[in-house]
Amino acid sequence: MGAGHGHRLHFHAHSVVHRAPAHLKILLLLAFVLTVVATPREWYPVFAGYLALLLGVVLLARVPLTYLLPRMVVEVPFLLFAALMPFVAEGPRVVVPLGAWDVSVSESGLLAAWGLVAKGTLGVLASLTLAATTEPTDVLRGLQRLRLPDLLVQIMGFMIRYLDVVTGDLGRMITAMRSRGVDPRSPRHWPALARTLGALFVRSYERGERVHLAMLSRGYDGRLPGDAR
Amino acid sequence: MHVPDGFLDAPTSVATGVVAAAGVGIALRKARAELDDRTAPMAGLVAAFVFAGQMINFPVGAGTSGHLLGGALAAVLVGPWTGALCISVVLLVQALFMADGGLTALGTNITLMGLVGVFVGYAVFRLTLAVLPRKVGSVPAAAGLGALVSVPAAAGVFTLLFAVGGTADVAVDRVLAAMLGWHTVIGIGEAVVTGLVVSAVVASRPDLVHGARGLARPTSLRTEPVGEVAA
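Residues numbered from 1 in each chain as written. Chains lettered and ligands numbered in written order. Predicted model: local features only at pLDDT ≥ 70, side-chain atom pairs only at ≥ 80, totals over all residues.

**Brief notes about the overall build of chain B**
At step 1: Within chain B one finds 7 helices and 2 strands.
At step 2: Out of the 231 residues in chain B, the part that is buried amounts to 55%.
At step 3: Looking at chain B alone, contacts between residues at least 24 apart form 75% of all its contacts between residues at least 6 apart. (Helix = DSSP H or I, 4+ residues; strand = E, 2+ residues; numbered from the N terminus. Buried ≥ 20, exposed ≤ 12 C-beta atoms within 10 Å, placed from the backbone. Contact = placed C-beta atoms within 7 Å.)

Written as structure tokens, this is what we have:
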């Protein structure tokens, strides 16, 4: 429970990118990914430009690439899907020499796979850069300035604040299960896992009730203190 | 699996973004009407619970793993509006802080998992509950069936979006067949886990389960004299 106060993806440093106002960074990120998605995938040099731009920002932020790259694994299941594209798509086929074999693949599928990988990777890297350079509280304040409904920002705030508590709760329960010879991933032990998740729900729900009462006793009236509006 | 950037074209992404914004807006109002000023802490904690539940990965073969989506589960436990709100917040946090699911695909992800997954799951849950005998024991079974249908339903809507704004030249009927087949298998796992989790909560705290309201007998405090107390 004594977990760090930053979130797992934040990289502490001091740079222009770290200091930039969060709402500006969110807007720029949104504009960037929208532009990337709207760019026709045949414009190969433009994507190189996007990558250079992004790497420039990362360099400016002084976040090492060795920090960002391992965190890009969230993309892996989707890369597998993209890799299937050339084999399942329709249209004229081209032969690609792949080592000793010549593999016949769909031309449009190959192009689609390139588009998916390029756009997906740029999106993941850009989002990670925002997460690495912005404290969660600053992101929330930025979202508030961007007129996201106040209640939604509050819910996000509570989720982030208690994320480590709840995942820590689950982690200890899983450890307890494993130490008793239960493999939570195996369907054979799903009943035990389900009781754990049920208990986690009851704990989380009751924690929410206690948090609410504690807030009421400190004068909560539906808005958090310190809000500009 | 969360839809990443570049999977659907820009117009489709923006359109689903509008749908998602409208859905979340209504959910905010409905959840507030139900939870009042408890909304922020309660929905926040339930969202953290959903996130934690999604962290448990199950191997599904070929080196990939799937996880609980939790749409139907959240709908049955805390009601469809609060459930949709919680799932949407989870997706928002995952996209902004963990790069899980693209930012441009956020509307698509919220529409698929937060709206379609939750409401289809809840509708099937309600319909099943109306057919089954009116007792608490029916709730987990109905929840499981809701989860079973909700996953292929979300996959079906994804295929529809893919047909409109897909970026790959794949025959739609093949995508539909593959998506529905694959997600029915995932749905079975989702159904079993959802049913078991709901049954575990119903067994210990039936008063907390939104879907079991009106079915659980209210518990009352009973006091009895236990005889002479030794002096």
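**Looking at the overall build of chain A**
At step 1: Counting its secondary structure elements, chain A contains 9 helices and 2 strands.
At step 2: For 229 residues, the compact-globule estimate of 2.2 N^0.38 gives 17 Å, and chain A exceeds it by more than 25% at 23 Å.
At step 3: Projected onto the principal axes, the alpha-carbon positions of chain A cover approximately 70 × 50 × 30 Å.
At step 4: When burial is assessed residue by residue, chain A has 33% of its 229 residues classed as buried.
At step 5: Long-range contacts, defined as pairs at least 24 residues apart, comprise 69% of the intrachain contacts of chain A with a sequence gap of at least 6. (Rg over C-alpha atoms; globule rule 2.2 N^0.38 Å.)

**Concerning unusual backbone geometry**
All names here are of chain A.
At step 1: Even without glycine at this site, arginine 62 takes up a positive phi of about 55 degrees.
At step 2: Judged by the 14 C-beta atoms lying within 10 Å of it, arginine 62 is partly exposed.
At step 3: A positive phi angle, close to 70 degrees, is found at arginine 147, a residue other than glycine.
At step 4: Inspection of the secondary structure puts arginine 147 in the loop between helix 7 (136–145) and helix 8 (150–179).
At step 5: Take arginine 147: there are 10 C-beta atoms within 10 Å of it, and that puts it in the exposed class.

**Some remarks on helix 6 (residues 107–133) of chain A**
At step 1: Over its 27 residues, helix 6 of chain A extends 39 Å from the first C-alpha to the last, a length consistent with the 39 Å expected when each residue adds 1.5 Å.
At step 2: Buried residues dominate helix 6 of chain A, accounting for 21 of its 27 residues. (Expected span 1.5 Å × (residues − 1).)

**Brief notes about the packing of helix 3 (residues 71–78) of chain B against helix 6 (residues 138–165) of chain B**
Residue and element names in this part refer to chain B.
At step 1: Between helix 3 and helix 6, whose axes approach to 8 Å, the crossing angle comes to 145 degrees. Of the two possible hands of crossing, helix 3 and helix 6 adopt the one that is right-handed. Residues Gly71, Ala72, Leu73 and Val76 of helix 3 form the contact with helix 6, whose own contacting residues are Ala143, Gly146, Ala147 and Ser150.
At step 2: Looking at side-chain class alone, the contact of helix 3 with helix 6 contains 5 nonpolar, 3 polar and no charged residues. (Axes fitted to C-alpha atoms, helices over the stretch in contact; angles between N-to-C directions. Left-handed = near helix turned anticlockwise from the far one by under 90°. Nonpolar A, V, L, I, M, F, W, Y, C, P; charged D, E, K, R; others polar.)

**Let's talk about the packing of helix 1 (residues 10–35) of chain B against helix 6 of chain B**
All names here are of chain B.
At step 1: Where helix 1 contacts helix 6, the axes come no closer than 9 Å and their chain directions differ by 140 degrees. As the angle between them shows, helix 1 and helix 6 are arranged oblique. Here helix 1 and helix 6 pass one another in a crossing that is right-handed. Of the residues in helix 6, those touching helix 1 at Pro11, Thr12 and Thr16 are Leu161, Val164 and Gly165. (Parallel < 35°, antiparallel > 145°, perpendicular 65-115°, else oblique.)

**Some words on the domain arrangement of chain A**
At step 1: Domain parsing of chain A yields domain 1 (16–81 + 112–135) and domain 2 (149–217).
At step 2: Relative placement of domain 1 of chain A and domain 2 of chain A: their C-alpha centres are 31 Å apart. (Domains from an automatic or database assignment.)

**Observations concerning the environment of leucine 51 of chain A**
Residues and elements named next belong to chain A.
At step 1: With respect to the helices and strands, leucine 51 occurs in helix 3 (residues 44–61).
At step 2: A count of 15 C-beta atoms within 10 Å places leucine 51 in the partly exposed class.
At step 3: Each C-alpha atom, one on leucine 51 and one on alanine 38, is 15 Å from the other, the two residues being 13 residues apart in sequence.

**A closer look at helix 1 of chain B**
At step 1: With 26 residues, helix 1 of chain B extends 36 Å from end C-alpha to end C-alpha; this agrees with the ideal 38 Å at 1.5 Å per step.
At step 2: For helix 1 of chain B, the set of buried residues is Thr12, Ser13, Thr16, Ala20, Gly23, Val24, Ala27, Leu28, Ala31 and Leu35 of chain B.
At step 3: Looking at the buried positions of helix 1 of chain B, the neighbouring elements they touch are helix 2 (22–38) and helix 8 of chain A together with helix 2 (39–54), helix 4 (80–98), helix 5 (106–131) and helix 6 of chain B.
At step 4: Backbone geometry just after helix 1 of chain B places aspartate 36 of chain B at a positive phi near 60 degrees.

**Describing the nonpolar core**
Here is a general trend for soluble globular proteins: nonpolar side chains tend to be buried in one another's company.
At step 1: If you look at the biggest cluster of nonpolar residues, it comprises 131 residues, and the most contacted ones within it are Met159 of chain A together with Ala47, Leu85, Cys86 and Val89 of chain B.
At step 2: Considering each element in turn, this core owes the most residues, 14 residues, to helix 6 of chain B.
At step 3: In terms of domain composition, this core takes at least three residues from each of domain 1 (16–81 + 112–135) and domain 2 (149–217) of chain A.
At step 4: Ignoring anything within four residues of it in the chain, the contact list for valine 89 of chain B reads Ile155, Met156 and Met159 of chain A together with Ala43 and Ala47 of chain B. (Core = buried A, V, L, I, M, F, W, Y, C linked by C-beta atoms within 7 Å.)

**Things to note about the confidence of the model for chain A**
At step 1: Confidence in the prediction of chain A, expressed as mean pLDDT, is 83, and 92% of residues score 70 or more.
At step 2: Low confidence marks residues 1–6 of chain A, where pLDDT is under 50. Its contacts with residues over four positions away, or in another chain, come to 6 contacts. (pLDDT = per-residue confidence, 0-100.)

**Concerning the UniProt feature "transmembrane region" (unreviewed entry) in chain A**
Residue and element names in this part refer to chain A.
At step 1: UniProt tags residues 20–37, 43–61, 68–89 and 109–131 as "transmembrane region" (unreviewed entry).
At step 2: Secondary structure content for residues 20–37 is 89% helix and 0% strand, while the C-alpha to C-alpha distance between its ends is 25 Å.
At step 3: When the span residues 68–89 is considered, its composition is 64% helix and 0% strand, and the gap between its end C-alpha atoms is 32 Å. (UniProt positions renumbered as here; feature names shortened; annotations may be inferred.)

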